[in-house]
Amino acid sequence: MRLLRSTDLALRVLMRLAVAGESSPTTRDVATGMDVPYTHLAKVVAELQRMGLLAARRGRGGGLTLTERGRTASVGAVVRAFEGDGDVVDCEGPTPCPLNSACRLRGALRRAQEAFFASLDPITVADIVAEPTGALLLGISRGPSGPV
(Lines give C-alpha, C1' and ligand atoms only; values in the text may rest on other atoms or scores of the structure.)
Protein backbone atom coordinates (compact mmCIF):
# COMPACT_ATOMS: atom_id res chain seq x y z
CA MET A 1 0.00 0.00 0.00
CA ARG A 2 1.29 3.41 -0.90
CA LEU A 3 0.10 6.56 0.88
CA LEU A 4 -1.28 9.46 -1.10
CA ARG A 5 1.01 12.47 -1.37
CA SER A 6 -1.47 14.50 0.71
CA THR A 7 -1.30 11.93 3.53
CA ASP A 8 2.49 12.06 3.52
CA LEU A 9 2.43 15.86 3.60
CA ALA A 10 -0.13 15.93 6.41
CA LEU A 11 2.02 13.70 8.61
CA ARG A 12 5.15 15.69 7.81
CA VAL A 13 3.43 19.01 8.60
CA LEU A 14 2.18 17.67 11.94
CA MET A 15 5.66 16.39 12.77
CA ARG A 16 7.25 19.70 11.77
CA LEU A 17 4.83 21.70 13.92
CA ALA A 18 5.23 19.30 16.84
CA VAL A 19 8.87 20.38 17.17
CA ALA A 20 8.33 24.06 16.33
CA GLY A 21 8.37 25.14 19.96
CA GLU A 22 7.37 28.79 20.28
CA SER A 23 7.82 29.56 16.59
CA SER A 24 4.82 29.67 14.26
CA PRO A 25 6.06 29.04 10.73
CA THR A 26 3.85 30.12 7.85
CA THR A 27 2.49 27.68 5.30
CA ARG A 28 4.95 29.14 2.80
CA ASP A 29 7.86 28.63 5.24
CA VAL A 30 6.90 25.00 5.78
CA ALA A 31 6.42 24.40 2.05
CA THR A 32 9.85 25.86 1.33
CA GLY A 33 11.47 23.88 4.13
CA MET A 34 9.86 20.66 2.94
CA ASP A 35 10.57 21.49 -0.72
CA VAL A 36 6.96 20.99 -1.79
CA PRO A 37 4.67 23.24 -3.84
CA TYR A 38 2.90 25.85 -1.71
CA THR A 39 -0.49 25.16 -3.33
CA HIS A 40 -0.36 21.46 -2.43
CA LEU A 41 0.67 22.18 1.14
CA ALA A 42 -1.98 24.90 1.53
CA LYS A 43 -4.71 22.35 0.75
CA VAL A 44 -3.30 19.91 3.30
CA VAL A 45 -2.99 22.66 5.92
CA ALA A 46 -6.61 23.67 5.32
CA GLU A 47 -7.77 20.10 5.90
CA LEU A 48 -5.64 19.73 9.05
CA GLN A 49 -7.11 22.99 10.32
CA ARG A 50 -10.65 21.77 9.55
CA MET A 51 -9.87 18.62 11.54
CA GLY A 52 -8.77 20.77 14.49
CA LEU A 53 -5.20 19.46 14.44
CA LEU A 54 -3.54 22.80 13.78
CA ALA A 55 -4.38 26.46 14.08
CA ALA A 56 -3.55 28.97 11.37
CA ARG A 57 -3.35 32.71 11.95
CA ARG A 58 -3.12 35.16 9.06
CA GLY A 59 -1.22 38.39 8.86
CA ARG A 60 1.73 39.81 10.71
CA GLY A 61 2.72 37.53 13.56
CA GLY A 62 0.60 34.76 12.08
CA GLY A 63 1.57 31.24 11.25
CA LEU A 64 0.81 27.63 12.01
CA THR A 65 0.69 26.00 15.42
CA LEU A 66 -0.13 22.47 16.45
CA THR A 67 -3.16 22.18 18.71
CA GLU A 68 -3.27 19.85 21.70
CA ARG A 69 -5.64 17.71 19.67
CA GLY A 70 -2.99 17.60 16.93
CA ARG A 71 -0.26 16.58 19.36
CA THR A 72 -2.33 13.68 20.70
CA ALA A 73 -3.90 12.73 17.35
CA SER A 74 -3.68 9.11 16.33
CA VAL A 75 -1.51 8.60 13.27
CA GLY A 76 -4.01 5.96 12.15
CA ALA A 77 -6.87 8.47 12.34
CA VAL A 78 -4.91 11.02 10.30
CA VAL A 79 -4.04 8.43 7.67
CA ARG A 80 -7.66 7.23 7.49
CA ALA A 81 -8.91 10.82 7.12
CA PHE A 82 -6.59 11.54 4.19
CA GLU A 83 -6.71 8.12 2.53
CA GLY A 84 -10.46 7.64 2.83
CA ASP A 85 -12.15 4.34 3.41
CA GLY A 86 -12.15 3.08 -0.15
CA ASP A 87 -10.88 -0.32 -1.17
CA VAL A 88 -7.22 -0.85 -2.02
CA VAL A 89 -8.28 -1.88 -5.52
CA ASP A 90 -11.22 -0.62 -7.56
CA CYS A 91 -13.20 -3.76 -8.29
CA GLU A 92 -16.24 -1.88 -9.55
CA GLY A 93 -14.56 0.78 -11.69
CA PRO A 94 -15.35 1.64 -15.32
CA THR A 95 -14.65 -1.99 -16.28
CA PRO A 96 -15.80 -4.05 -13.27
CA CYS A 97 -13.83 -7.15 -12.40
CA PRO A 98 -15.58 -10.30 -13.67
CA LEU A 99 -14.68 -12.07 -10.39
CA ASN A 100 -16.42 -9.43 -8.29
CA SER A 101 -19.33 -11.60 -7.14
CA ALA A 102 -17.13 -14.49 -5.96
CA CYS A 103 -13.77 -12.84 -5.24
CA ARG A 104 -11.95 -13.68 -2.02
CA LEU A 105 -9.06 -11.32 -2.73
CA ARG A 106 -11.13 -8.18 -2.11
CA GLY A 107 -11.95 -9.27 1.46
CA ALA A 108 -8.35 -10.23 2.15
CA LEU A 109 -7.13 -6.84 0.92
CA ARG A 110 -9.75 -5.05 3.05
CA ARG A 111 -8.58 -6.97 6.17
CA ALA A 112 -4.95 -6.13 5.37
CA GLN A 113 -5.85 -2.46 4.95
CA GLU A 114 -7.66 -2.44 8.30
CA ALA A 115 -4.68 -4.16 9.96
CA PHE A 116 -2.44 -1.45 8.53
CA PHE A 117 -4.64 1.32 9.97
CA ALA A 118 -5.04 -0.53 13.28
CA SER A 119 -1.27 -0.78 13.68
CA LEU A 120 -1.07 3.02 13.40
CA ASP A 121 -4.01 3.77 15.72
CA PRO A 122 -2.12 3.67 19.05
CA ILE A 123 0.69 5.88 17.74
CA THR A 124 0.30 9.63 18.30
CA VAL A 125 1.95 12.58 16.63
CA ALA A 126 3.88 13.16 19.87
CA ASP A 127 5.16 9.57 19.66
CA ILE A 128 6.58 9.98 16.17
CA VAL A 129 8.59 13.08 17.08
CA ALA A 130 10.10 11.64 20.26
CA GLU A 131 13.89 11.48 20.39
CA PRO A 132 15.90 11.02 18.30
CA THR A 133 13.45 12.09 15.59
CA GLY A 134 12.61 15.45 17.19
CA ALA A 135 16.21 16.62 17.24
CA LEU A 136 16.71 15.52 13.64
CA LEU A 137 13.53 17.34 12.58
CA LEU A 138 14.77 20.51 14.25
CA GLY A 139 18.07 20.23 12.39
CA ILE A 140 16.50 19.85 8.95
CA SER A 141 13.82 22.47 9.70
CA ARG A 142 16.37 25.24 9.85
CA GLY A 143 17.12 27.17 6.73
CA PRO A 144 20.22 29.35 6.22
CA SER A 145 18.58 32.19 8.15
CA GLY A 146 17.20 30.17 11.08
CA PRO A 147 14.20 27.96 11.72
CA VAL A 148 11.79 27.37 8.88
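Each value, and the rule that gives it
Here the residue index of a chain counts from 1 through its sequence in written order. At least 70 in pLDDT is required for a residue's local features to be given in this predicted model, at least 80 for side-chain atom pairs to be given and counted, and no such filter applies to totals for whole chains, interfaces and linings, which use all residues. The side-chain figures draw on all heavy atoms in the structure; neither hydrogens nor water molecules are used. Paired strands, as defined in this entry, are two strands with at least two bridges between them according to DSSP. Runs of E in the DSSP output that reach at least two residues are strands. Runs of H or I that reach at least four are helices, and both are numbered from the N terminus. Every patch collects residues that have over 30% relative accessible area and no salt bridge, joining them within 9 Å if they carry like charges and within 5 Å if they are nonpolar side chains (Val, Leu, Ile, Met, Phe, Trp, Tyr). The protein chains shown are the only cover counted for residues, whose accessible areas, like all others here, come from Shrake-Rupley with a 1.4 Å probe. Within this document, salt bridges are pairs made up of a side-chain nitrogen of Lys or Arg and a carboxyl oxygen of Asp or Glu, the two lying within 4 Å of each other. Only protein chains enter the area calculation, which uses a 1.4 Å probe; residues under 20% of their type maximum are buried, those over 50% are exposed, and those in between are partly exposed. Summarising the geometry, the arc corresponds to the directions from the helix axis toward the C-beta atoms. In this analysis, two residues are considered to be in contact whenever any of their non-hydrogen atoms come within 4.5 Å of each other. We define a polar contact as two N or O atoms separated by no more than 3.5 Å, with the added condition that, inside protein, one atom must be a possible hydrogen donor and the other a possible acceptor, whereas residues neighbouring each other in sequence contribute only through side-chain atom pairs.

- Under an unreviewed UniProt entry, the name given to the protein chain is Rrf2 family nitric oxide-sensitive transcriptional repressor, and the organism recorded is Streptomyces caelestis.

### Here we look at the pairing of strand β1 (residues 54–57)
- In the sheet, β1 pairs with strand β2 (residues 63–66) via four bridges, with the strands oriented antiparallel. Looking at β2, one finds that Leu54 is bridged to Leu66.
- Where β1 folds back on β2, the antiparallel hairpin that results is connected by five residues, among which Gly59 adopts a positive phi of roughly 85°.

### Section: a nonpolar patch on the surface
- A cluster of nonpolar side chains, contributed by Met1, Leu3, Val88 and Val89, occupies part of the molecular surface with about 330 Å² of accessible area.
- Relative to the helices and strands, Val88 resides in the loop between α5 (75–83) and α6 (105–120).
- For Val88, a relative accessible area of 43% corresponds to the partly exposed category.

### Details of α5
- Taken as a whole, α5 has its buried residues at Val75, Gly76, Val78, Val79, Phe82 and Glu83. Along the axis of α5, the buried positions cluster into a sector of 160°, meaning they face one direction only.
- Of the surrounding elements, those touching the buried residues of α5 are α1 (5–18), α3 (38–50), α6 and α7 (125–128).
- The N-capping residue of α5, defined by a side-chain oxygen 3.1 Å from the backbone nitrogen of Gly76, is Ser74.
- Gly84, located one to two residues past α5, shows a positive phi value of around 80°.

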